[in-house]
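# Descriptive analysis of the structure
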Amino acid sequence: MAVCSLAAVPMLLAAVPAAAQERAASAKRPVQPWMDRTLDPDRRAALLRAAMTLEEKITLLHGQMGRTRLGVAPPAGALGSAGYVPGIPRLGIPALQETDAGVGVTNPDNARPGDGATALPSSLATAATWNRNLAYQNGLVLGDEAWRKGFNVMLAGGVNLLREPRSGRNFEYLGEDPLLAGTLGGDIIRGVQSKGVVSTVKHFAVNDQETDRYSANFQIDKGAARESDLLAFQLAIEGGKPGSVMCAYNRVNGTYTCENDWLLNQVLKKDWAYPGWVMSDWGAVHGVEAALLGLDQQSGEQLDDAVWFGDRLAEKARSDPRYRARVDDMVQRILRSLFSVGAIDRPPVKSAIDYAANATVSRHVAEEGIVLLKNADGLLPLKGVRHIAVIGGMAEFGVLAGGGSSYTAAIEGPGIQIPAMGVTATGGVPRVVIYHPSSPVAALRQALPNATFHLNDGSYPSAAAGVARDADVAIVFVTQWATESRDLVDLSLPNGQEATIAAVAAANPNTVVVLEHAGPITMPWLDKVRGVLAAWYPGGRGGEAIANILTGRVNPSGRLPVTFPADLEQHPRPELKSAGQPAVRPKPGTPFQTINYAEGSDVGYRWFAREGLKPLFPFGHGLSYTSFSHSNLRLHGGRSVSATFDVTNIGSVEGQDVPQLYLTATPEKSVRRLLGFEKVRLAPGESRQVTIKIDPRLLASYSENQNEWLIAGGSYFIAVGSSADGLQPSEKVKVDRLMLHP
Ligand code: BGC
């Protein structure tokens, strides 16, 4: 019989509860260890990956379209959307239900019959707000609606720089400046992901036009790319931590982006230490080797020549350790993002959406994004007008939306749908010109109940002039429709609208033009009109937003996120070969065109400053119904540079200003670079001090040889102002020489 010493008794007593505690704790611990939320996403992903067979891993690495396309029906369970990757129920891995995109949850081909969503203004309109909080709220709407409709991956986060003013997708991106696009892009992504939905920054990279998009090669100095197109992605990734990155259709420096070792392995995964996954654009994969070159997942596989990341990849993984290691890394990246965003812990639940609240966000974005370009003699806001002529642009019925995969059907349904002749999506389905049913005329009637409205569709200039002649003011609505997969031929207004403006302006000196447009417009008629509003594609509450600006219920505060050139001769490449031709998939081996980005990182206003060109309207320009002054710029230099200045509302109504800080010279040369901005709301007479901490990369140049950012020590000149051209005198600051890791 064992005998216990008295001294051992307390220890035994203590041991009993400890063991019981341990039993209780292990009973609580999840059976699946990766479901332990106290572990970090990398550890959870590693535990889950270790439990997977090769076949299960491969399942996660390729997906079909999420709706019937090219005769292939989606797998059971797909919700009817852009993409679908089956889940692995035995391990609790959810299917990836992927939906487009940046201006709302789309419903392509009406695959989910009648399922509309909040139609947000174009991303370029969001950029024109220069308002980080609104960009974040925009993301919240996207994420919230995606989650409540059952999606866990949102293909939203377009940050390609607006290098080509004719590009059919400019409205899906955030303008020409890397700081503005990258910062707001990060805010949108953060908003989406806070709802437990992965956001996908795209299209990586240098995918700045639609002409020949499936084959064209963009040649760019690598350092210049890091300072421009890639910097926008880098900032968006740092700010938003997107779970995935979508590589693009085009080639960069000779190689398709979805198999571009430099872009995917060196820049993204090594230099930026990006931990998430790279998914392909739909039909952008050309071989299984892409796996070794940095691609993690093949999307929309029926659009490719083969399912490269299915059996073929499995076969490679069985026989080649490099592929085996990659398959593990690819899976790890996908699972890690799903854990880090919350897509596994908080799976989507189909539930009611507060569309009224989201419509308010949509309207706010539209209002703050509308840019008052011209307002001669303070014609706007409309005051005491009795007779208003409204001409053109379908303004009685709605506002224009952009076309392509991002097109979002509003919950109220499409106002007007006109199939576009000669522009088709994959499979021959025509792209459709859509007007959201948000009527500017109805909103104006409501805001100005004592005015009489005289309408004309603008088809015949003489008839439009006849209607305008006796009115107190004539408002001409003009539209420029743009779509994914086809660029604009030029920056003019199509369908004779310029003649209508000219005729109306000749008949009535109080003519205002409202643009509903993709991006920059040329304006041979500008001197003839007194007012111009850039309303972009203003979304499902666009009519109300335009009326609120015209009537002064809302003081305009949008600023151009892109330079408006006087004409295309000012562009680094005045000619865009085949512009206006829809992009078609070439047969393998077809020769491709190379487009040389000789302007390097001098995109948009930087190019205009470098060449001494005078644009029609500069980047950053936008008027208000009040005026602002900027003063007392003080700079602090050394190792980290910051600026402080005062902004004052010197007018008589409340308004919002966007003071902008620019670099005007480095120790080596004159430059123009946006260094910072802030949106400030001020009452009449009110002043606010603004402090901006400058990201050192904006002062630096990128040395590809040394693989580092280099700040030359010496004097830098910085100015504050209201546009890239409207600057106060520069101040000088001494900055230390610095080398920074990419
Ligand atoms: C577009 C992507 C989109 C995808 C899925 C592609 O054609 O380039 O932006 O996310 O289709 O719809």
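Further up the page is the structure itself.
Now for a quick tour of the structure.

### Structural notes on the overall build of the protein
- Of regular secondary structure, the protein possesses 17 helices and 32 strands.
- Each of the 742 residues in the protein was classed as buried or not, and the buried ones make up 62%.
- Taking contacts inside the protein between residues at least 6 apart in sequence as the whole, the part at least 24 apart equals 75%.
- Summed over its atoms, the accessible surface of the protein is roughly 27,200 Å², and 53% of this surface lies on carbon and sulfur atoms.
- Averaging the locations of the 71 positively and 73 negatively charged side chains of the protein gives two centres separated by 4 Å.

### Examining helix α14 (residues 461-468)
- Every buried residue of α14 is accounted for by A464, A465 and A468. Looking straight down α14, one finds its buried side chains confined to an arc of 100°; they lie on one side.
- Against β12 (387-391), β16 (452-456), β17 (473-479) and α15 (497-507) lie the buried residues of α14.

### Side note on the state of the cysteines
- One pass over the full model with this rule turns up 1 disulfide.
- Here C247 engages in a disulfide with C258; their sulfurs sit 2.1 Å apart. Disulfide C247-C258: torsion about the S-S bond near 105°, hence right-handed. Of this pair, C247 sits in strand β7 (residues 244-247) while C258 sits in the loop between β9 (255-256) and α9 (261-271), placing them 11 residues apart in sequence. The burial state of C247 is the same as that of C258; both residues are buried.

### Digging into the pairing of strand β14 (residues 416-424)
- Examined bridge by bridge, β14 and strand β15 (residues 430-436) share 5 bridges and lie antiparallel to one another. Residue P419 lies in a different strand from β15, and its bridge partner there is V432.
- Linking β14 to β15, which pair antiparallel, is a turn of 5 residues; within it G427 sits at a positive phi near 90°.

### A few points about a nonpolar patch on the surface
- A contiguous nonpolar patch, built from M394, F397 and I418 and spanning about 260 Å² of accessible area, is present on the exposed surface.
- Checked against the element boundaries, M394 lands in the loop between β12 and β13 (399-400).
- Owing to a relative accessible area of 33%, M394 belongs among the partly exposed residues under this scheme.

### Details of the environment of G104
- Relative to the helices and strands, G104 resides in the loop between β3 (96-99) and α4 (123-129).
- Residue class for G104 comes out buried when judged on its relative accessible area of 2%.
- A sequence separation of 12 residues divides G104 from G116, and the C-alpha atoms of the two residues are 9.2 Å apart.
- When sequence neighbours within four positions are dropped, the list of residues in contact with G104 reads T118, L120, L142, M154 and T408.

### Digging into the side chain of R559
- Locating R559 in the fold gives a position in the loop between α16 (542-550) and β20 (594-596).
- Of note is the side chain of R559, whose polar atom sits 3.4 Å from the backbone oxygen of G622.

### Some points on the site of the ligand
- Taken together, 13 residues lie near the ligand, and D100, R169, H203, Y249 and D281 sit nearest.
- Contact between the ligand and D100: an oxygen atom at 2.5 Å from a side-chain N or O atom of the residue.
- Within the contact set of the ligand, an oxygen atom lies 2.9 Å away from a side-chain nitrogen or oxygen of E484.
- For the ligand, whose accessible area on its own is 310 Å², the fraction buried by protein is 92%.
- Looking at the shell around the ligand residue by residue, the class counts come to 5 nonpolar, 2 polar and 6 charged.

### Some words on the nonpolar core
- Counting residues in hydrophobic clusters, the biggest one holds 143 residues, and the most contacted among them are F204, L313 and L661.
- Of all the elements, helix α11 (residues 321-341) adds the most residues to this core, at 9 residues.
- Sequence-distant contacts of L313, defined by excluding residues within four places in its chain, comprise I58, L61, V288, A291, W308, Y323, V327 and M330.

### Some details on unusual backbone geometry
- The residue after K202, namely H203, is reached through a cis peptide bond having omega -5°.
- The topology assignment puts H203 in strand β5 (residues 198-204).
- Omega for the bond connecting L380 with P381 falls within 30 degrees of zero, at 0°, which places this linkage in the cis form.
- In this structure, P381 sits in the loop between β11 (371-375) and β12.
- Phi at A273 is positive, roughly 50°, even though this residue is not glycine.
- By the secondary structure assignment, A273 is in the loop between α9 and β10 (277-279).
- On the basis of relative accessibility, which here comes to 56%, the residue A273 falls in the exposed class.
- Phi is positive for W536, which is not a glycine, with a value near 55°.
- Here W536 is to be found in the loop between β19 (531-534) and α16.

### A word on the side chain of Q593
- By secondary structure assignment, the location of Q593 is in the loop between α16 and β20.
- Residues in contact with Q593, not counting those within four places in the same chain, are T211, D212, A216, N217 and K577.

### Topic: the sheet that holds β15
- In space, the 3 strands of this open sheet follow the order β13-β15-β14, with antiparallel pairing throughout. Looking at strand neighbours, the two that pair on one side only are β13 and β14, the edges of this open sheet.
- Direction of pairing for β13 relative to β15: antiparallel, over a ladder of 2 bridges. Bridge pairing in β15 links V399 to H436.

### Here we look at the packing of aromatic side chains
- Under the counting rule described, the total for this entry stands at 12 aromatic pairs.
- The interplanar angle of 80° and the centroid separation of 5.0 Å between the aromatic rings of F204 and F233 together place this pair among those described as edge-to-face. Highlighted residues: F204 in strand β5 and F233 in helix α8 (residues 229-240), separated in sequence by 29 residues.
- Here the aromatic residues W130, Y605, F619, Y662 and F677 are joined through ring pairs into a cluster of three or more.
- In this structure, R251 is placed above the aromatic ring of Y256, and the distance from its NZ or CZ to the ring centre is 4.1 Å.

Cut-offs applied
- Residues numbered from 1 in each chain as written.
- Predicted model: local features only at pLDDT ≥ 70, side-chain atom pairs only at ≥ 80, totals over all residues.
- Heavy atoms only, no water.
- Helix = DSSP H or I, 4+ residues; strand = E, 2+ residues; numbered from the N terminus.
- Buried < 20%, exposed > 50% of the residue type's maximum accessible area, 1.4 Å probe, protein only.
- Contact = heavy atoms within 4.5 Å.
- Areas by Shrake-Rupley, 256 points an atom, 1.4 Å probe, with all protein chains shown as cover.
- Lys, Arg positive; Asp, Glu negative; His and termini not counted.
- Charge placed at Lys NZ, Arg CZ, Asp CG, Glu CD.
- Arc of directions from axis to C-beta.
- Disulfide = S-S within 2.5 Å.
- Pairing = 2+ DSSP bridges.
- Patch = residues over 30% accessible without salt bridge, like charges linked within 9 Å, V, L, I, M, F, W, Y side chains within 5 Å.
- Salt bridge = Lys/Arg side-chain N within 4 Å of Asp/Glu carboxyl O.
- Polar contact = N/O pair within 3.5 Å; in protein donor to acceptor, adjacent residues only side chain to side chain.
- Near = heavy atom within 4 Å.
- Nonpolar A, V, L, I, M, F, W, Y, C, P; charged D, E, K, R; others polar.
- Core = buried A, V, L, I, M, F, W, Y, C linked by side-chain atoms within 4.5 Å.
- Phe/Tyr/Trp six-rings, centres within 6.5 Å; stacked < 30°, edge-to-face > 60°.
- Lys NZ or Arg CZ within 6 Å of the ring centre and 35° of its normal.

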